[in-house]
Amino acid sequence: MFTRRAAGRTDPTALTESGAVVPRRQSLRGWRFVLVGVLAVVLLTCLLRAFVLEVYTIPSASMEPGLIPGDRIAVARVGVQPYHRGDVVVFDGRGSLDPYRSTAPAWQQALAGAGQFLGLVGSPTVHVKRIIGLPGDHVTCCGTGGRLTVDGRPVTEPYLAAGTAPSATRFDVVVPEGSVWLLGDNRGDSYDSRSLLGAPGGGMVAMDRIIGTPVARVWPLDRAGALDRIQLGSSPG
């Protein structure tokens, strides 16, 4: 039999769905554990995405056929490392391909930032390209046989789609220390280092702007899987 509570007094018990009486203090303690658990998961996820693994959406056709618009890739964040010609990298284009500051309203930037964090939309200042030239390399296009050359040696590019020319834009550059020369695999539809020939910086991208390397495609599911050098293609240089 239930008794009526006295007015102004706090009921120290609560009923479970089964009808069992549980102290209200214990019930609240259980909710605190759940809240702490959720916050811990969110914090861990933020730390992993900030320092270990990030998710980016491919926004354009510049890396076809290996990566197509809408692909979501997991990117391993890296520090300074010995990069190689042919490595596919994700980098922050601010200061090279993009301006440093956005002119969009603050609320729009915040909304876009949330979508980028969740991997739902691509970032307008984050790009995926392939390293063609390393510091000190003399990169030209096009040399004998219409091929791209590095230090006078023709480069084999198995990642290009059949019939794709190395570049319709001619260039002859020497990559300075601390920078790389980057091109998209879809040479006819790629905004890359060639796009800034003649501009300050000459299309070079500072190595400290590199965020990481793609290690897996996580979406769409029917194409999900590891993205190693063999799958993406790699130029021996």
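Remember, it's a predicted structure, so these values are computed and weren't measured experimentally.

## Notes on the overall build of the protein chain
Working step 1: Along its length, the protein chain carries three helices and 14 strands.
Working step 2: For the protein chain, the proportion of its 237 residues judged to be buried stands at 36%.
Working step 3: Carbon together with sulfur atoms contributes 61% to the accessible area of the protein chain, which is approximately 14100 Å² in total.

## Re the sheet that holds strand β8 (residues 149–150)
Remark on secondary structure: sheet strands pair via backbone hydrogen bonds, oriented parallel or antiparallel.
Working step 1: With antiparallel pairing, four strands are arranged side by side in an open sheet as β9-β8-β7-β10. In the strand order of this sheet, the two ends are held by β9 (153–154) and β10 (171–174), each with one partner.

## Considering the confidence of the model for the protein chain
Working step 1: A residue-level look at the protein chain finds 62% of positions with pLDDT of 70 or above and a mean pLDDT of 77.
Working step 2: The spread of mean pLDDT over the elements of the protein chain runs between strand β1 (residues 13–15), the lowest at 48, and strand β11 (residues 179–183), the highest at 97.
Working step 3: Predicted confidence is poor over residues 1–11, with pLDDT under 50, and the contacts of this stretch with residues over four places away or in other chains come to three contacts.
Working step 4: Below pLDDT 50 for its whole length, residues 233–237 participates in 16 contacts with residues either more than four positions away or in separate chains.

## Quick look at the packing of aromatic side chains
Working step 1: For the coordinates displayed, the defined rule picks out one aromatic pair.
Working step 2: Stacked on the ring of Y159, the Lys or Arg R130 has its end atom at 3.7 Å from the ring centre.

## Digging into the nonpolar core
Working step 1: With 14 residues, the main nonpolar core has I132, V139, L148, F171, W181 and L183 as its most contacted residues.
Working step 2: Y56, V90, V128 and I211 belong to the second-largest nonpolar core, a separate cluster that totals twelve residues.

## So, the side chain of T140
Working step 1: Examined against the element boundaries, T140 turns out to sit in strand β7 (residues 138–141).
Working step 2: Take T140: its relative accessible area is 15%, and that puts it in the buried class.
Working step 3: For T140, the side chain forms a polar contact with the side chain of T149, separated by 2.3 Å.
Working step 4: Contact partners of T140, with chain neighbours within four places excluded, come to L148, T149, F171 and D172.

## Quick word on the state of the cysteines
Working step 1: Per the stated rule, a full pass over the model turns up one disulfide.
Working step 2: Here C141 pairs with C142 through a disulfide, and the sulfurs are 2.1 Å apart. Given an S-S torsion of about 45°, the disulfide between C141 and C142 has right-handed geometry.
Working step 3: Judged by relative accessible area, C141 falls into the buried class, the value being 4%.

## Side note on the side chain of R217
Working step 1: With respect to the helices and strands, the residue R217 is situated in strand β13 (residues 210–219).
Working step 2: In this structure R217 comes out as buried when scored by relative accessible area, which is 11%.
Working step 3: Not counting chain neighbours up to four residues away, the residues in contact with R217 comprise G66, L67, D71, R72, I73, R223, A224, G225 and L227.

## Observations concerning unusual backbone geometry
Working step 1: Omega for the peptide link from E64 to P65 comes to 10°, which places this bond in the cis form.
Working step 2: Of note, P65 is situated in the loop between β3 (53–57) and β4 (72–77).
Working step 3: With an omega of 0°, the peptide bond between W219 and P220 qualifies as cis.
Working step 4: Looking at the secondary structure, you find P220 in the loop between β13 and β14 (225–226).
Working step 5: Its identity as a non-glycine residue notwithstanding, D151 has a phi of 55°, on the positive side.
Working step 6: Positionally, D151 belongs in the loop between β8 and β9.

Reading guide: rules and limits
- Residues numbered from 1 in each chain as written.
- Predicted model: local features only at pLDDT ≥ 70, side-chain atom pairs only at ≥ 80, totals over all residues.
- Heavy atoms only, no water.
- Helix = DSSP H or I, 4+ residues; strand = E, 2+ residues; numbered from the N terminus.
- Buried < 20%, exposed > 50% of the residue type's maximum accessible area, 1.4 Å probe, protein only.
- Areas by Shrake-Rupley, 256 points an atom, 1.4 Å probe, with all protein chains shown as cover.
- Pairing = 2+ DSSP bridges.
- pLDDT = per-residue confidence, 0-100.
- Contact = heavy atoms within 4.5 Å.
- Phe/Tyr/Trp six-rings, centres within 6.5 Å; stacked < 30°, edge-to-face > 60°.
- Lys NZ or Arg CZ within 6 Å of the ring centre and 35° of its normal.
- Core = buried A, V, L, I, M, F, W, Y, C linked by side-chain atoms within 4.5 Å.
- Polar contact = N/O pair within 3.5 Å; in protein donor to acceptor, adjacent residues only side chain to side chain.
- Disulfide = S-S within 2.5 Å.

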